[in-house]
Amino acid sequence: MLQHQYIERDSGSVVSEQLLGDRMVRLLYHQVRENSTGLFKLLTSSWSSQILGSVNFDRPVLNIRSFAAGLGIDLSECLDPPERLGTARKLFERRIRYEDCRPLPDLPDAVVSPADARVLVGSLQEQSLFFLKEKFFSFEELLGVDRSFWHRAFHNADFAVFRLTPDKYHYNHTPVAGKVVDFFSIDGSYNSCNPSAVVSIATPYSKNKRVVTIIDTDVEGGTRVGMVAMIEVVALMIGDIAQAYSRRSYDAPQQIRVGMYLEKGQPKSLYRPGSSTDILLFQRGRVRFADDLLQNQFRNDIISRFNQGFGRPLIETDIKVRSHLATAVR
């Protein structure tokens, strides 16, 4: 069985990922998809996603401490005591003391990670050293075929793909400060974000149900990196993305709306349990990704399922929410 490894950012160590539900994913994205198109569509529908989510996440967990430890979840980060986290769903929808556990970098022009996730960075510019065109998404489909204005604005964009695994903290935080100028959702399927599924289906993230937030950062108090598109992608076993922006802790959560000013690093939304994906698009030439993320991605001594069909190894780095992702280019 092919492993999937990534780099742990803080230590630089190589880690083999525990691929939850890997057998089911291989069956679904190979045998079922190839032999029964109708059954595959049924199994990746909203109805099936909700059923799978309930079966996997709503059963009581008798020993939540042992369960969390087995997944590498640090309960000391949580706002709520362990006895209140009695199911996998409650554990995966946990709130954390992010001001203490995930402090913002002391850089006013920094773009930060929107999630605890495994990240790949890329570019739609052919001359870029990290050119990755239509490997993870179709650019036009991702933003919606009727949003040609944003197609032009993000032509030759740089991007970052954040893959959240089921054990991750599932709140998304705002990667930049700025004003919301567009906000919309696009219907689609509920496909897995397991690396096997990504490789098996061309451009899967642009075919999933997703929510798009366009943020203008060139406003007073903004991060000054131009327009930023934040795309939250619904995955298998995810039935919803709850928009819940809070200016302080998790207090008084608000629905995202056009005209709202978002502060950097604050909770923005919550994925329901399961794997899921964030994608950030940056206008050409407005950001430079952190050097360690770029260097890690070009290593060739790590086993990655993204080696298949991509022309060269693509190595993910495990990144913390609110940590340094990129810096504004002046």
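Each remark here, short or long, concerns the structure printed above.
Residues numbered from 1 in each chain as written. Predicted model: local features only at pLDDT ≥ 70, side-chain atom pairs only at ≥ 80, totals over all residues. Heavy atoms only, no water.

1. Concerning the nonpolar core
Within soluble globular proteins, side chains that are nonpolar generally end up buried alongside one another.
Right, on to step 1. Among the nonpolar cores identified, the biggest contains 33 residues, and Val111, Val119, Phe162, Phe282, Phe289 and Leu325 are the most heavily contacted of them.
Right, on to step 2. Breaking this core down by element, the ones donating at least two residues are strand 4 (117-123), strand 5 (158-164), strand 8 (210-216), strand 9 (227-233), strand 13 (276-282), strand 14 (287-289), helix 10 (291-297) and strand 16 (324-328).
Right, on to step 3. Among all residues touching Phe162, those that are not within four sequence positions of it are Ser113, Pro114, Ala117, Arg118, Val119, Ser276, Thr277, Asp278, Leu280, Ile319 and Leu325.
Right, on to step 4. Trp150, Val161, Ile279 and Leu314 belong to the second largest nonpolar core, which has 25 residues in total. (Core = buried A, V, L, I, M, F, W, Y, C linked by side-chain atoms within 4.5 Å. Buried < 20%, exposed > 50% of the residue type's maximum accessible area, 1.4 Å probe, protein only. Helix = DSSP H or I, 4+ residues; strand = E, 2+ residues; numbered from the N terminus. Contact = heavy atoms within 4.5 Å.)

2. Describing the sheet that holds strand 10 (residues 241-243)
Right, on to step 1. Taken together, three strands build an open sheet; the order of strands is 6-12-10 and the sheet is antiparallel. Where the open sheet ends on each side, the last strands, each with one partner, are strand 6 (171-173) and strand 10. Direction aside, the axes of adjacent strands within the sheet are offset by 25° on average.
Right, on to step 2. Here strand 10 pairs with strand 12 (residues 267-271) via three bridges, running antiparallel. Of the residues in strand 12, the one forming a bridge with Ile241 is Tyr271. (Pairing = 2+ DSSP bridges. Axes fitted to C-alpha atoms, helices over the stretch in contact; angles between N-to-C directions.)

3. Some thoughts on the side chain of Gln125
Right, on to step 1. You can see Gln125 is positioned in the loop between strand 4 and helix 7 (139-143).
Right, on to step 2. Here the side chain of Gln125 touches Arg284 through a polar contact of 3.0 Å, side chain to side chain. (Polar contact = N/O pair within 3.5 Å; in protein donor to acceptor, adjacent residues only side chain to side chain.)

4. Things to note about unusual backbone geometry
Right, on to step 1. With phi around 65°, Arg224 is a residue other than glycine that occupies positive phi space.
Right, on to step 2. Along the chain, Arg224 turns up in the loop between strand 8 and strand 9.
Right, on to step 3. Backbone geometry at Ser249 places phi at a positive 50°, although glycine is not the residue there.
Right, on to step 4. Relative to the elements of secondary structure, Ser249 occurs in the loop between strand 10 and strand 11 (261-262).

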